[in-house]
Amino acid sequence: MTKILFFGPLREVMGVKEFELDFETTPLLRSDIIARLAKGQSTIAEELGAASVRIIADNSIVADDFDLSASKEIAFLPPMSGG
Amino acid sequence: MTKILFFGPLREVMGVKEFELDFETTPLLRSDIIARLAKGQSTIAEELGAASVRIIADNSIVADDFDLSASKEIAFLPPMSGG
Amino acid sequence: MVRVQKEAFDAGAELNAFTQSHTDMGAVVTFSGHVRDHNHAETVSTLELEHYAGFTESEIRKIETEAHNRWSHIRTLIIHRFGTLKPGEPIVMVAVASAHRKAAFDAATFLMDYLKTDAPFWKKETRGDTAHWIEPRETDRIARQNW
Amino acid sequence: MVRVQKEAFDAGAELNAFTQSHTDMGAVVTFSGHVRDHNHAETVSTLELEHYAGFTESEIRKIETEAHNRWSHIRTLIIHRFGTLKPGEPIVMVAVASAHRKAAFDAATFLMDYLKTDAPFWKKETRGDTAHWIEPRETDRIARQNW
C-alpha cells in the first residue's frame, strides 16, 4: 500500500488529505498516479500535473520521472508560502 | 562669552570637556579659534584642525569657513561611532 | 535551532534568551511576522497554516544549514507555527547573532527569503465570510532567486 | 520614536510593545547591539559611551526622518544608550515595522548604517587595564556612502 498525501489547495481539490492505494506497476511514474487518481476528471489531472506542484517521495523532493514504485509515502505539494 | 566643547578623543587631547572664552574678532573662523586654543602647540592645532573633525555651532553642523562670531556654543566633534 | 510548533511564542522572550546565550556576538537581527488584522480592506478573522509534519522541519533545517554554509560564524534561531492563528499572533521568528551587523542582516534576510518559497506551509486567510489561499508572490520568487 | 538614555532597556519587552502598537503591519525587523565580552583576544570590562546631550537626539531624529522619507509606510523605534556599560548590556536597538519584510529589512539596515557614522557618540572600551577609543571603521563609512 502506498500512502498519498495532498496539501493546501490540492487537498481541497481532492477533497481528502490522504488515502492509500495499491499500485502494481513498475516503474511507477507521477503521470501513472495522476491518471489513476483523476479517473478522467481533467480538472484533477491538470491540478496534480501542474509544473508548480512538487512531488515528495518518502520525505525527499523527486523529479517528475522518478520511479515511485518503491515509495511508501508520496506527497503532492502546491507552491509553498512560509514565513 | 563663547562656550567651547570637546568630545571623545579630542576631550582627552585638550584635557578638558568645556571652557569659556571671549572672542572679539569678526568674522571668527575655525582657524582663529584653533590658533587661540593651541597657543603654538602643534599637536593641538593638528588635532582640532583635522579634516575629520566637524564643527557644531549652536547645534548645527557648519562649514570650515562659517563665521562663528555670533555662536554661543561651539563644539569640536571627532569622527563618530554610534550604534 | 529550528522549532515548528502549534503553540504561540513570545518573540520578546525568545529574543532575550537568544541574546543571552550568545554574549560573544554583539549584533542580533530578528524578523518577526504576525497575522495582519486587515487585507484588501477586509477584516481578517483567522489564518490557517497547514504543514507537512516531519518534512517541514527537515526542509527548514536545510535552509538553516545553507545559511551557516554562507555565513560561517553566525548563530540562528527559526520558529515557525502551524494551526489556526488569530490577528496579531506571531507566525514566524528568525534571529541571527553575529560579531558584525552586516552578516546578521544578510543572513536574516536570506532565511526569510528562503522560508517564503521553500518552507512547506500553506496559508488560508479568512476575511469576512470567505477563506482565501495565500498565493506565493512573484516578488518572493525573485528575492529567493537572487541569492 | 527616538530615545537616548543612560538606563538599560529590555530589548524583548521593547520588541513586544512595539509589535503590539502596530498590529496593522505584519513584519517587524529589529537590530540590537550589545557590549561584547571579548575584543582582540582580551576581556572587555567596560564600554563608555559619550554623547552630546541635545545634539545627539536631534541628529538621530534627522536620521529617523530620512528613513521615513525613503520608506513612506514604516514605523520606527530607535533606542541608544550613553554612560558606562558592562559586557552583555544592550547599547542600541532599532525596530522597523512594515506591511512587507523588504522595507523593514532595508530601513533597519539603513538606520544602523547611519547611526554608525552620523550619530554623535564616542566609545571607549576598557580591555584589561587599558582604555581604547573605538575608531570608526572604513567598512562603516562605505556602508553609509552606498545609500
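Our structure's up above, just so we're on the same page.
Residues numbered from 1 in each chain as written. Chains lettered and ligands numbered in written order. Predicted model: local features only at pLDDT ≥ 70, side-chain atom pairs only at ≥ 80, totals over all residues. Heavy atoms only, no water.

## Considering the overall build of chain A
And then number 1: For chain A, the count of helices and strands is three helices and five strands.
And then number 2: Taking all 83 residues of chain A together, 41% fall into the buried category.
And then number 3: For chain A, restricting intrachain contacts to residue pairs at least 6 apart in sequence, the fraction spanning at least 24 positions comes to 48%.
And then number 4: If you sum the accessible surface of chain A, you get close to 4200 Å²; carbon and sulfur atoms cover 50% of it. (Helix = DSSP H or I, 4+ residues; strand = E, 2+ residues; numbered from the N terminus. Buried < 20%, exposed > 50% of the residue type's maximum accessible area, 1.4 Å probe, protein only. Contact = heavy atoms within 4.5 Å. Areas by Shrake-Rupley, 256 points an atom, 1.4 Å probe, with all protein chains shown as cover.)

## Describing unusual backbone geometry
And then number 1: Looking along the chain, the bond that leaves Thr26 of chain A and enters Pro27 of chain A is cis, with omega of -5°.
And then number 2: Tracing the sequence through the fold places Pro27 of chain A in the loop between β2 (18–21) and α2 (30–38).
And then number 3: Although it is not a glycine, Asn59 of chain B sits at a positive phi angle of roughly 75°.
And then number 4: One can find Asn59 of chain B in the loop between β3 (54–57) and β4 (60–62).
And then number 5: Judged by its relative accessible area of 37%, Asn59 of chain B falls in the partly exposed class.
And then number 6: Positive phi, normally seen in glycine, also occurs at Ala41 of chain D, with a value near 60°.
And then number 7: Tracing the sequence through the fold places Ala41 of chain D in the loop between β3 (38–39) and β4 (42–51).

## Considering the packing of aromatic side chains
All names here are of chain D.
And then number 1: Tallied over the entire structure, the rule returns 20 aromatic pairs over all chains.
And then number 2: Arranged with centres 5.7 Å apart and planes meeting at 85°, the rings of Trp71 and Trp147 form a pair that is edge-to-face. One end of the pair, Trp71, is in the loop between α2 (55–70) and β5 (75–81); the other, Trp147, is in the segment after α4 (138–145), with 76 residues separating them in the sequence.
And then number 3: Classification of Trp71 as buried rests on a relative accessible area of 15%.
And then number 4: Ring geometry for Phe110 and Trp147: centres 5.2 Å apart, planes at 85°, overall edge-to-face. Note that Phe110 is positioned in helix α3 (residues 101–118) and Trp147 in the segment after α4, a separation of 37 residues in sequence.
And then number 5: For Trp147, a relative accessible area of 33% puts it in the partly exposed group. (Phe/Tyr/Trp six-rings, centres within 6.5 Å; stacked < 30°, edge-to-face > 60°.)

## Notes on helix α1 (residues 11–20) of chain D
And then number 1: By the criterion of burial, α1 of chain D is predominantly enclosed, with seven of the ten residues buried.
And then number 2: When we look at burial in α1 of chain D, the residues that qualify are Ala11, Gly12, Glu14, Leu15, Asn16, Phe18 and Thr19 of chain D.
And then number 3: Next to the buried residues of α1 of chain D lie α1 (11–20) and β2 (27–34) of chain C together with β1 (2–5), β2 (27–34), β5 and β7 (90–98) of chain D.
And then number 4: For α1 of chain D, the N-terminal capping position is held by Asp10 of chain D, with its side-chain oxygen 3.0 Å away from the main-chain nitrogen of Gly12 of chain D. (Polar contact = N/O pair within 3.5 Å; in protein donor to acceptor, adjacent residues only side chain to side chain.)

## Things to note about the relation of the copies chain D and chain C
And then number 1: Placing chain D over chain C gives an RMSD of 0.0 Å and needs a rotation angle of 180°, together with 0.0 Å of translation along the axis. On the angle and the small slide along the axis, the relation comes out as a two-fold axis. Minimal C-alpha distance to the rotation axis in chain D is attained by Gly12 of chain D, lying at 1.7 Å. (Least-squares fit on C-alpha atoms with pLDDT ≥ 70 in both.)

## Here's the deal with the interface of chain D and chain C
And then number 1: Each side of the interface is counted separately: chain D has 32 residues, and chain C has 32 residues.
And then number 2: Where chain D abuts chain C, roughly 2600 Å² becomes buried across the two surfaces, and 51% of that area is made up of carbon and sulfur atoms.
And then number 3: Contact with chain C buries area across many residues of chain D, yet Phe31, Arg101 and Phe105 of chain D alone supply 26% of it, more than any other trio.
And then number 4: Linking chain D to chain C there are four salt bridges.
And then number 5: Of the charged contacts in the structure, one is a salt bridge between Arg101 of chain D and Asp113 of chain C, with a shortest N-O distance of 2.8 Å.
And then number 6: Ranked by residue count, the leading element in the side of chain D that touches chain C is β2 of chain D, at eight residues.
And then number 7: In terms of residue class, the side of chain D that touches chain C is made up of twelve nonpolar, eleven polar and nine charged. (Buried area = accessible area lost by both parts, 1.4 Å probe. Salt bridge = Lys/Arg side-chain N within 4 Å of Asp/Glu carboxyl O. Nonpolar A, V, L, I, M, F, W, Y, C, P; charged D, E, K, R; others polar.)

## A look at the environment of Ile61 of chain A
And then number 1: Along the chain, Ile61 of chain A falls in strand β4 (residues 60–62).
And then number 2: The spatial distance from the C-alpha of Ile61 of chain A to the C-alpha of Ile74 of chain A is 9.8 Å, given a sequence separation of 13 residues.
And then number 3: Not counting residues up to four positions away in its chain, the partners in contact with Ile61 of chain A are Arg54, Ile55 and Ile56 of chain A together with Phe55 and Glu59 of chain C.

## Looking at the interface of chain D and chain B
And then number 1: Each partner contributes to the interface: chain D provides 22 residues, whereas chain B provides 22 residues.
And then number 2: Regarding the contact of chain D and chain B, the summed buried area is about 1800 Å², with carbon and sulfur atoms giving 54% of it.
And then number 3: On the chain D side of the contact with chain B, Tyr52, Phe55 and Trp122 of chain D bury the most area, a combined 37% of that side's loss.
And then number 4: For the interface between chain D and chain B, the tally reads three salt bridges.
And then number 5: Summed over the shared surface of chain D and chain B, the result is 15 residue pairs in polar contact (both at pLDDT 80 or more).

## Considerations on the packing of α1 of chain C against α1 of chain D
And then number 1: Two elements in contact, α1 of chain C and α1 of chain D, have axes separated by 7 Å at closest approach and are oriented at 155°. As summarised for this structure, α1 of chain C and α1 of chain D are arranged roughly antiparallel, according to the angle between their axes. In the packing of α1 of chain C onto α1 of chain D, the handedness of the crossing is right-handed. Contacts between α1 of chain C and α1 of chain D involve Ala11, Gly12, Ala13, Leu15 and Asn16 of chain C from the first element and Ala11, Gly12, Ala13, Leu15 and Asn16 of chain D from the second. (Axes fitted to C-alpha atoms, helices over the stretch in contact; angles between N-to-C directions. Parallel < 35°, antiparallel > 145°, perpendicular 65-115°, else oblique. Left-handed = near helix turned anticlockwise from the far one by under 90°.)

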